[in-house]
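Residues per chain are reported as follows:
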Amino acid sequence: MSGKKRRVVVTGLGPISPIGFGKSEYWKALHEGKNGIGHITTFELGDCPVTFGAEIKNFDPSQYMPGKEAKRSDRAIQFAVAAAKLAVEDSGLDVKSIDPYRLGVYIGTGQGGIETSFNNFRTMLEKGSRRVSPYFIPMMISNMSTAYVAIVLGAKGPNLCVVTACATSLHSMGEAYHAIVRDDADVIISGGTEAALRTISIAGFASMKALSTRNDTPEIASRPFDKERDGFVMGEGAGVVVLEELEHALARGAHIYAEFTGYGTSCDAGHITAPDPEAKGAAYATEHALKMSGWDKSQVDYINAHGTSTGLNDKMEAGMINHVFGEYAKNITVTSTKSMIGHCLGAAGGLEVIASMQAIEENYIHPTLNYTTPDPECDLNIATGKGVDRKVDRLLVNSFGFGGHNGVLAFQRYGDNI
């Protein structure tokens, strides 16, 4: 490794989301403020107290992998493969031309193959242990999404599955960043996938009182930072990006969406589900991402917030932003992508990074839906209505997960025109 620090850029985007597949469809939906939340129609809910979410509809895994393989893969794996293929296609990367040991995959998931687990548990209880699928284990284990993508792409370099609940995607990308900087790889396909929008997960979160219960009006249920918020809305999908060493990207003439400049991570080490009300860990992660990037606090234009629409998280995050940025906080535009796509758990950060790239690429910040009643405890400059036209040179993306896991990524416009 040379003395010159290696730089990392984003060159490909692959979203599988409740409002669209692929960058163009996803960005168009974000620009239009499309709402992907509604009553669940693809599976039975029984007596579940919550009947809505942000579903992936009309997804055909056979478009991204052989039908036989799709049947042997959990939905989380299918999403990961689809998102990775879309990201690589968007990047223009010829994976066969790269030394396979210089190509890595870091794709995490919060819950892994929970649907596969549930179905096989039921089979065992109803029909006996001999009827459990021989594919149960490789379909269920969390690392199989990142392993399967590596198999599909022939990527023999570093391969990790980070599992940190709702911070999974950002931690996956942050660790991929460090791997490229220390010269372990030139390209890493990174992000998160989640297919936990199923009765067992909804029932669990509902029992915790974490979910919105607006069954009669699901389209207004996800309302981050709004005073009338009453819980998050579950979503599903995958968000995967191509992270690439700068000189490698320039050599092949790649389109560069942004430079990845900072990664902050910490743990509250407090409560298993509730965030630290003083937000010390989240503040540390934010300040570390700023320090790595070499930015002054006055230079941040935009924050894509974790913004879950829960009472505790939104209050904590808003307080943290105001504490860290002080007088500059009012100049930072804040949005929550979850108002449109729900909370996609381990995939949330990946989809939010892809949404943030639109801000740099199009000088446009998508709206936060359903923000109608300001909360004095969430005093932020929230983008509402039809979004905000604004030149964005520097931005942060936040994710905070159960267990106190905090992740903050920093990106800036590439080049000399900032």
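Notes on the structure follow. (Residues numbered from 1 in each chain as written. Predicted model: local features only at pLDDT ≥ 70, side-chain atom pairs only at ≥ 80, totals over all residues. Heavy atoms only, no water.)

Bringing the overall build of the protein chain into the picture now. Scanning the protein chain from N- to C-terminus turns up 13 helices and 16 strands. Projected onto its principal axes, the C-alpha positions of the protein chain cover 65 × 55 × 40 Å. The 418 residues of the protein chain split such that 59% are buried. In the protein chain, the proportion of contacts linking residues at least 24 apart, taken out of those at least 6 apart, comes to 80%. Charge centroids of the protein chain, computed over 39 positive and 47 negative side chains, lie 4 Å from each other. (Helix = DSSP H or I, 4+ residues; strand = E, 2+ residues; numbered from the N terminus. Buried < 20%, exposed > 50% of the residue type's maximum accessible area, 1.4 Å probe, protein only. Contact = heavy atoms within 4.5 Å. Lys, Arg positive; Asp, Glu negative; His and termini not counted. Charge placed at Lys NZ, Arg CZ, Asp CG, Glu CD.)

The next subject is helix H1 (residues 23-32). Buried residues of H1: Tyr26, Trp27, Ala29 and Leu30, and no others. Viewed end-on, H1 has its buried residues packed into an arc of 160°, placing them on one side of the element. In H1, the exposed positions that point more than 90 degrees away from the buried face belong to Ser24 and Glu32. Residues of H1 that are buried sit in contact with strand E1 (8-17), strand E2 (20-21), helix H12 (338-341), helix H13 (348-362) and strand E12 (364-365). Positive backbone phi, approximately 70°, marks Gly33, located one or two places after H1. (Arc of directions from axis to C-beta.)

Looking at where Ser145 falls in the secondary structure, it is placed in helix H6 (residues 144-153). Taking relative accessible area as the criterion, Ser145 reaches 3% and is therefore assigned buried. If sequence neighbours within four positions are ignored, Ser145 has contacts with Ala76, Ile77, Ala80 and Thr193.

All right, on to the pattern of salt bridges then. Two side chains of opposite charge can pair, provided their charged atoms sit close to one another. One pass over the full model with this rule turns up 23 salt bridges. Asp183 serves as the salt-bridge partner of Arg102, at 2.6 Å between the closest nitrogen and oxygen. Residue Arg102 is found in the loop between helix H3 (75-91) and strand E5 (103-108), and its partner Asp183 is found in the loop between helix H7 (168-181) and strand E7 (187-194); the two are separated by 81 residues along the sequence. We classify Asp183 as partly exposed; its relative accessible area is 24%. A salt bridge links Glu352 to Lys338, with the shortest nitrogen-to-oxygen separation between them at 2.7 Å. (Salt bridge = Lys/Arg side-chain N within 4 Å of Asp/Glu carboxyl O.)

As a further point, take unusual backbone geometry. Excluding glycine, residues mostly carry a negative phi; peptide bonds, for their part, are mostly trans. Despite not being glycine, Lys209 shows a phi value in the positive range, around 65°. Taking relative accessible area as the criterion, Lys209 reaches 72% and is therefore assigned exposed. The backbone phi angle of Leu345 is positive, close to 55°, even though this residue is not glycine. Mapping Leu345 onto the fold places it in the loop between H12 and H13.

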